[in-house]
Amino acid sequence: MREKLERVCKAFCIEGELLDYEELKAGNVNRTYRVDILRPDGGRKSYIAQAVNTYVFKNPVQVMENIDRVTEHIRSKKPGGVALHFYHTRDRRTYWFDEDGFWRLFNFIPSETHTVCDDLALVENAGGAFGEFQMLLSDFDAADLYETIPQFHNTRRRYEKLAADAAADPCGRAEGAQAELDWLLSVEDAACALTDLYEAGQLPLRVTHNDTKINNVLFAPGERRAIAVIDLDTVMPGLVGHDFGDAIRSAANFVEEDSPETERAGVNLAVFRAFSEGFLKKTAAALTEREIDLLAGSCFSLAAELAARFLDDYLLGDPYFKTDYPEHNLVRARCQIALAKDMRLHMAEMEEIVHACAAKYRRA
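Because the structure is predicted, anything quoted here is derived from the model rather than measured.

Caption draft 1: Quick peek at the overall build of the chain. Of regular secondary structure, the chain possesses 12 helices and 9 strands. Dimensions of the chain, computed from C-alpha atoms along their principal axes, come out at roughly 65 × 55 × 40 Å. A burial count over the chain gives 52% of its 364 residues as buried. Here the analysis covers contacts within the chain between residues at least 6 apart in sequence; of these, 73% occur between residues at least 24 apart. On the chain, roughly 16,900 Å² of surface is accessible, and the fraction owed to carbon and sulfur atoms is 48%. Side chains of the chain carry 43 positive and 60 negative charges; the gap between the two charge centres is 5 Å.

Structure below.
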């Protein structure tokens, strides 16, 4: 591996001697290494070398073109600040590949991440980081980006596929999931609100991250201060509600997304409020009234959409999501359904929180 990493660094025009390297185990998709280089001037600098999983990302060149455009735009807005930077090869590409890998190399940022936390100040700062990501790209034309995962958040398409696969029932699993299927279909129009409004021309297309989990925010070591948003493989054109809703769906549930204790699943309004404060502090002045009105509902939409995806994968024999046991995807679907049901019960409170935050920061 040392020889491979030396070749990767050379491909990206990094001068110096490779002193050491370490494989970083965080993340389940790409292979990631920190490499330490002794530079010609005697200084030591670290970089991140990453082998992209081209089975998951079928169009890695488009992925990297999106990332390059977005990160360079952000860097231009933060002169002297902390930002991701992807290095270029001699022919100005942000990727290098050979017979056994598709590689990229970017700057190492000393930091820490948090997977699950009850620290509301940290949650608020994570919301601020994703909000700042939106604001830094608010003048970037989202239409200039590739849609690297077509129809990713087209909830109508997700529902159509679920209904068709349930009717075909290729694995004979539909009967055992009928209650979940019936409920999801009963709320289809509410779940598809974002998709329908966008297709009706009532919502603006924006640059969206599409994986707004708190562990995709880097924090200053030993501090609650957010310093950068990472994991940009899914950056695409989308709706602001996709990022806000997915963040709440993942962070504000009382249980893990595959918990069998569905009776405990539900929206933690303290976490919801903290994330909303951070996010809207950065974005309230730039979002449209319609976007703000839909933020709370977007959380329900994203929970229902993911439940539909989990259930569909279960009906098809689990080809997409990795499972640990035969009913894993069905358990995941049930947990998301329980979360979505609880969100509907608390929707008035969620909307009140969003509008209070938006009003406060629009006045500021």
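Caption draft 2: Quick look at the side chain of His-153. Checked against the element boundaries, His-153 lands in the loop between α3 (120-136) and α4 (155-168). In contact with His-153, not counting residues within four places along its chain, are Thr-195, Asn-210, His-242, Leu-302 and Glu-305.

Caption draft 3: Region of the structure containing the pairing of strand β3 (residues 44-51). When you tally the buried positions in β3, you get 6 out of 8 residues, the bulk of the element. As paired strands, strand β2 (residues 31-38) and β3 are joined by 8 bridges and run antiparallel to one another. Note that in β3 the partner of Asp-36 across the bridge is Ser-46. The turn linking β2 back onto β3 is made up of 5 residues, and Gly-42 within it adopts a positive phi angle of 95°. Relative to strand β5 (residues 101-107), β3 runs antiparallel, the two sharing 5 bridges. Across the sheet, residue Gln-50 finds its bridge partner in β5, namely Arg-104.

Caption draft 4: Just the packing of aromatic side chains, in detail. Per the stated rule, a full pass over the model turns up 13 aromatic pairs. On the basis of an interplanar angle of 85° and a centroid distance of 6.0 Å, the ring pair of Phe-244 and Phe-272 is categorised as edge-to-face. On the criterion of sequence distance, the pair formed by Phe-244 in helix α8 (residues 240-251) and Phe-272 in helix α9 (residues 269-283) is long-range, its members being 28 residues apart. The class of Phe-244 is buried, set by a relative accessible area of 0%. The interplanar angle of 15° and the centroid separation of 6.1 Å between the aromatic rings of Phe-275 and Phe-279 together place this pair among those described as stacked. Pair noted here: Phe-275 and Phe-279 are both in helix α9, with a separation of 4 residues, about one helical turn. Taken together, the ring pairs in this structure connect Phe-244, Phe-272, Phe-275 and Phe-279 into an aromatic cluster. Above the face of the Phe-108 ring, Arg-34 is positioned so that its terminal group lies 5.8 Å from the ring centre. A cation over a ring is seen here: Lys-58 above Tyr-55, with NZ or CZ 4.0 Å from the ring centre.

Caption draft 5: Quick peek at the nonpolar core. Grouped together as the largest cluster of nonpolar side chains are 92 residues, with contacts concentrated most on Leu-184, Phe-244, Phe-272, Leu-280, Leu-311 and Met-343. Ranked by the residues each element gives to this core, the list is headed by helix α10 (residues 289-315), at 14 residues. When sequence neighbours within four positions are dropped, the list of residues in contact with Leu-184 reads Tyr-159, Leu-162, Ala-304, Ala-307, Ala-308, Leu-311 and Ile-337. Membership of the second largest hydrophobic core comes to 17 residues, among which are Ile-14, Leu-18, Tyr-33 and Val-35.

Caption draft 6: Region of the structure containing the pattern of salt bridges. In the structure shown here, the tally under the stated rule is 27 salt bridges. With a closest N to O distance of 2.3 Å, Asp-98 and Lys-4 form a salt bridge. With Asp-98 in strand β4 (residues 96-98) and Lys-4 in helix α1 (residues 2-11), the pair connects residues that are 94 residues apart, well separated along the chain. Each member of the pair, Asp-98 as well as Lys-4, is classed as buried. One salt bridge connects Glu-180 with Arg-334, and the closest N-O pair in it is separated by 2.8 Å.

Caption draft 7: Region of the structure containing the sheet that holds β4. Ordered by their spatial adjacency, 5 strands build an open sheet running β1-β2-β3-β5-β4, and the pairing between neighbours is antiparallel. Two strands in the sheet have a free side with no partner beyond their single neighbour: β1 (17-24) and β4. Neighbour-to-neighbour, the strand axes of the sheet open up by a mean angle of 25°, direction not taken into account. Of the pairings in the sheet, the one linking β4 to β5 comprises 3 bridges and is antiparallel in character. When the sheet's bridge partners are listed, Phe-97 is paired in β5 with Phe-102. Docked against the sheet, α1 engages β1, β2, β3, β4 and β5, running at close to 110° with respect to β1.

Caption draft 8: Looking closely at the packing of α10 against helix α12 (residues 347-363). Packing of α10 against α12 leaves a shortest axis separation of 9 Å and a crossing angle of 145°. Seen from above, α10 lies across α12 with right-handed handedness. Each of Glu-289, Ile-292, Asp-293, Leu-295, Ala-296, Gly-297, Cys-299 and Phe-300 in α10 lies in contact with α12, whose residues at this interface are Met-347, Met-350, Glu-351, Val-354, His-355, Ala-358 and Arg-362.

Conventions adopted
- Residues numbered from 1 in each chain as written.
- Predicted model: local features only at pLDDT ≥ 70, side-chain atom pairs only at ≥ 80, totals over all residues.
- Heavy atoms only, no water.
- Helix = DSSP H or I, 4+ residues; strand = E, 2+ residues; numbered from the N terminus.
- Buried < 20%, exposed > 50% of the residue type's maximum accessible area, 1.4 Å probe, protein only.
- Contact = heavy atoms within 4.5 Å.
- Areas by Shrake-Rupley, 256 points an atom, 1.4 Å probe, with all protein chains shown as cover.
- Lys, Arg positive; Asp, Glu negative; His and termini not counted.
- Charge placed at Lys NZ, Arg CZ, Asp CG, Glu CD.
- Pairing = 2+ DSSP bridges.
- Phe/Tyr/Trp six-rings, centres within 6.5 Å; stacked < 30°, edge-to-face > 60°.
- Lys NZ or Arg CZ within 6 Å of the ring centre and 35° of its normal.
- Core = buried A, V, L, I, M, F, W, Y, C linked by side-chain atoms within 4.5 Å.
- Salt bridge = Lys/Arg side-chain N within 4 Å of Asp/Glu carboxyl O.
- Axes fitted to C-alpha atoms, helices over the stretch in contact; angles between N-to-C directions.
- Left-handed = near helix turned anticlockwise from the far one by under 90°.

In short, the description is geometric, and any link to function would need to be established separately.
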